[in-house]
Amino acid sequence: SPHALAAFGTRDLVFTVPFVAFGIGRFIWMANRTADANSPTETMLRDRLFMLTLLLYAGAIVIVIYYRAH
């Protein structure tokens, strides 16, 4: 978006979309996996694959904003 381009000086944030899409899909899958889950958020925070995706997303953001834009 023009706002993101003005704020971060790069269009490369689009490369982080796969992490977001996977994370949302994983959350939906975990929330619907069992009907008796107490809290999907607690389940999400204990899921190693989801946490790995979150770390990779954060790393991609840092790379795009701080290394590729400059």
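Please refer to the structure higher up on the page.
A. Layout of a nonpolar patch on the surface. On the surface, Phe22, Leu49, Leu52 and Leu56 cluster together into a nonpolar patch covering about 340 Å² of accessible area. At three residues, helix α4 (residues 48-68) tops the list of elements feeding residues into the nonpolar patch. If you trace the backbone, Leu52 turns up in helix α4. Classification of Leu52 by relative accessible area gives partly exposed; the value is 44%.

B. Representation of the environment of Tyr57. The topology assignment puts Tyr57 in helix α4. The class for Tyr57 is partly exposed, based on a relative accessible area of 30%. The spatial distance from the C-alpha of Tyr57 to the C-alpha of Phe15 is 9.6 Å, given a sequence separation of 42 residues. What Tyr57 contacts, discounting residues up to four positions off in sequence, is Thr16, Phe19 and Val20.

The rules behind these values
Residues numbered from 1 in each chain as written. Predicted model: local features only at pLDDT ≥ 70, side-chain atom pairs only at ≥ 80, totals over all residues. Heavy atoms only, no water. Patch = residues over 30% accessible without salt bridge, like charges linked within 9 Å, V, L, I, M, F, W, Y side chains within 5 Å. Areas by Shrake-Rupley, 256 points an atom, 1.4 Å probe, with all protein chains shown as cover. Salt bridge = Lys/Arg side-chain N within 4 Å of Asp/Glu carboxyl O. Helix = DSSP H or I, 4+ residues; strand = E, 2+ residues; numbered from the N terminus. Buried < 20%, exposed > 50% of the residue type's maximum accessible area, 1.4 Å probe, protein only. Contact = heavy atoms within 4.5 Å.

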